[in-house]
Amino acid sequence: MILYGKQVAEKLSDEIIEEVRSLKEKGIEPKLAIVRVGKNEGDLSYERGALKRAEKLGIKVEVFELEEGVKTEDLIECIDKINNDALIHGILLFRPLPKNIDENKIKNYINPNKDVDCINPINVAKVMEGDKTGFAPCTPSAVIEILKHYGIELKGKNVVVIGRSMVVGKPLSMLLLNEDATVTICHSKTRNLKEITKKADILIVAIGRAKYINKEYVGENTVVIDVGINVDNVGNLCGDVDFEDVKDIVSDITPVPGGVGAVTNTVLFKNLINACRLQIK
Ligand SMILES: NC(=O)C1=CN([C@@H]2O[C@H](COP(=O)(O)OP(=O)(O)OC[C@H]3O[C@@H](n4cnc5c(N)ncnc54)[C@H](OP(=O)(O)O)[C@@H]3O)[C@@H](O)[C@H]2O)C=CC1
Ligand SMILES: Nc1nc(=O)c2c([nH]1)NC[C@@H]1CN(c3ccc(C(=O)N[C@@H](CCC(=O)O)C(=O)O)cc3)C=[N+]21
């Protein structure tokens, strides 16, 4: 079966539309700030998806675009402005940042109550602890939403995650653990990757290499979740998994586009609504 993200996104959107309506009745206009440094294609793709989604949901978005060469101080100034703006409830800062910016310094500046993509270490710690009062990052949450929507049980399952970034792999592994999955985390130094992935009940791929995972990596009953967003050699969006090569072998698979990415931008606004609620208390 193909696990389409669109259906999951539509269901979540219906719930968000209700929430937006009730906030607007109280005189609150939910608003998100997107902070983008440079013009990375992955960032722009996310931004496009998010702007389209926001329009459907009746949510305002302001994009703060900074030039590729900006200094750490300039970015901090931008974040401070957003932190202190009572009419903005959430901040999405695209990562990774250019090398000349000190990401470790930046992440502490984001107001934890506006941190809808879980960049501030306070929210990261809450994910580690299984404390649901913070914000879990959008992409890992989107993966969980898809699995739950399609009734794919996690409890006791062997789940293999490839990738250990702070945007996807690491926090996702914690969320899976919180759902009682048995989690194996793989990365570029992992030996015998194919042997490990073939035994997975659920294989989640977030490595950032176009169509890297082919039929040699999967088994017949594997559920494959492809988080990757890449551009192939003819300019089309594609995942980290070679969809055509594996689709007739595995039991289920998410497409790209129209899979995880489509849900990520909806979870973003679900988190924004929660941020609004935190800030009006
Ligand atoms: N769908 C969505 O909503 C989103 C999609 N993405 C996409 O997901 C992908 C991953 O993003 P992100 O986590 O930020 O990427 P990073 O580049 O930060 O991390 C990639 C991870 O993959 C590992 N890796 C790289 N090559 C291999 C390999 N050959 N074998 C095994 N492991 C490997 C790296 O290992 P090591 O740590 O050893 O270097 C690293 O842990 C990208 O395509 C990105 O565009 C990202 C965010 C959201
Ligand atoms: N702090 C941070 N968090 C991220 O989650 C993050 C990031 N930085 N940097 C960039 C990557 C990339 N990423 C995408 C998410 C959704 C789509 C998306 O909506 N894709 C649509 C297609 C949209 C289109 O291009 O029209 C789809 O897959 O169907 C794309 C890309 C999140 N990332």
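Everything quoted here is computed from the prediction, not taken from an experiment.

(A) Focus on helix α3 (residues 72-83). Over its twelve residues, α3 runs 16 Å from end to end, which matches the ideal 16 Å to within 8%, given 1.5 Å per residue. Those residues of α3 lying buried are L75, C78, I79 and I82. Seen along its axis, α3 keeps its buried residues to an arc of 95 degrees; they face one direction. Pointing more than 90 degrees away from the buried face of α3 are the exposed residues E73, D80 and K81. The secondary structure elements touched by the buried residues of α3 are β1 (31-37), β2 (60-66), β3 (90-93) and α4 (103-109).

(B) Seen up close, the site of ligand 1. Among the 27 residues in the neighbourhood of ligand 1, the closest are listed as S165, H187, S188, G208 and T264. In terms of residues, the shell around ligand 1 owes the most to one element, helix α10 (residues 260-280), which gives three residues. Its residues placed into classes, the shell around ligand 1 shows ten nonpolar, 13 polar and four charged.

(C) Quick peek at the confidence of the model for the protein chain. Averaged over every residue, the pLDDT of the protein chain is 97; the share at 70 or more is 100%. Here the complex is predicted with pTM 0.96, and the ipTM for its interfaces comes to 0.97.

(D) Main features of the domain arrangement of the protein chain. As assigned here, the protein chain comprises domain 1 (26-111) and domain 2 (138-260). Of the residues in the side of domain 1 that touches domain 2, the class split is no nonpolar, two polar and two charged.

(E) Layout of the site of ligand 2. Every one of the 22 residues lining ligand 2 counts as a neighbour, but S45, Y46, G49, P257 and G261 are closest to it. Elements supplying a minimum of two residues to the shell around ligand 2: α2 (41-57), α6 (138-149) and α10. The element that contributes the greatest number of residues to the shell around ligand 2 is α2, accounting for six residues. Its residues assigned to classes, the shell around ligand 2 comprises ten nonpolar, eight polar and four charged. The residues that make up the shell around ligand 2 include at least three from each of domain 1 (26-111) and domain 2 (138-260).

(F) Molecular detail of the packing of helix α1 (residues 5-25) against α6. At a closest axis distance of 10 Å, the pairing of α1 and α6 adopts a crossing angle of 95 degrees. Taken together, the axes of α1 and α6 are roughly perpendicular relative to one another. Here G5, V8, K11 and L12 of α1 come into contact with α6, specifically with E145, I146 and H149. By residue class, the composition of the contact of α1 with α6 is three nonpolar, two polar and two charged.

(G) A look at the pairing of β3. On β3, burial covers both faces: G90 and L92 on one face and I91 and L93 on the other are all buried. Pairing analysis gives four bridges linking β1 to β3, with the strands arranged parallel. Within the sheet, the bridge partner assigned to L32 lies in β3 and is G90.

(H) Layout of the nonpolar core. The biggest cluster of nonpolar side chains holds 79 residues, and the ones touching the most others in it are V159 and I204. When residues of this core are sorted by domain, at least three fall in each of domain 1 (26-111) and domain 2 (138-260). Sequence-distant contacts of V159, that is, excluding residues within four places in its chain, are made with L154, L176, A181, T182, V183, A200, D201, I202 and I204.

Reading the values: the criteria
- Residues numbered from 1 in each chain as written.
- Chains lettered and ligands numbered in written order.
- Predicted model: local features only at pLDDT ≥ 70, side-chain atom pairs only at ≥ 80, totals over all residues.
- Helix = DSSP H or I, 4+ residues; strand = E, 2+ residues; numbered from the N terminus.
- Expected span 1.5 Å × (residues − 1).
- Buried ≥ 20, exposed ≤ 12 C-beta atoms within 10 Å, placed from the backbone.
- Arc of directions from axis to C-beta.
- Contact = placed C-beta atoms within 7 Å.
- Near = placed C-beta within 6 Å.
- Nonpolar A, V, L, I, M, F, W, Y, C, P; charged D, E, K, R; others polar.
- pLDDT = per-residue confidence, 0-100.
- Domains from an automatic or database assignment.
- Axes fitted to C-alpha atoms, helices over the stretch in contact; angles between N-to-C directions.
- Parallel < 35°, antiparallel > 145°, perpendicular 65-115°, else oblique.
- Pairing = 2+ DSSP bridges.
- Core = buried A, V, L, I, M, F, W, Y, C linked by C-beta atoms within 7 Å.

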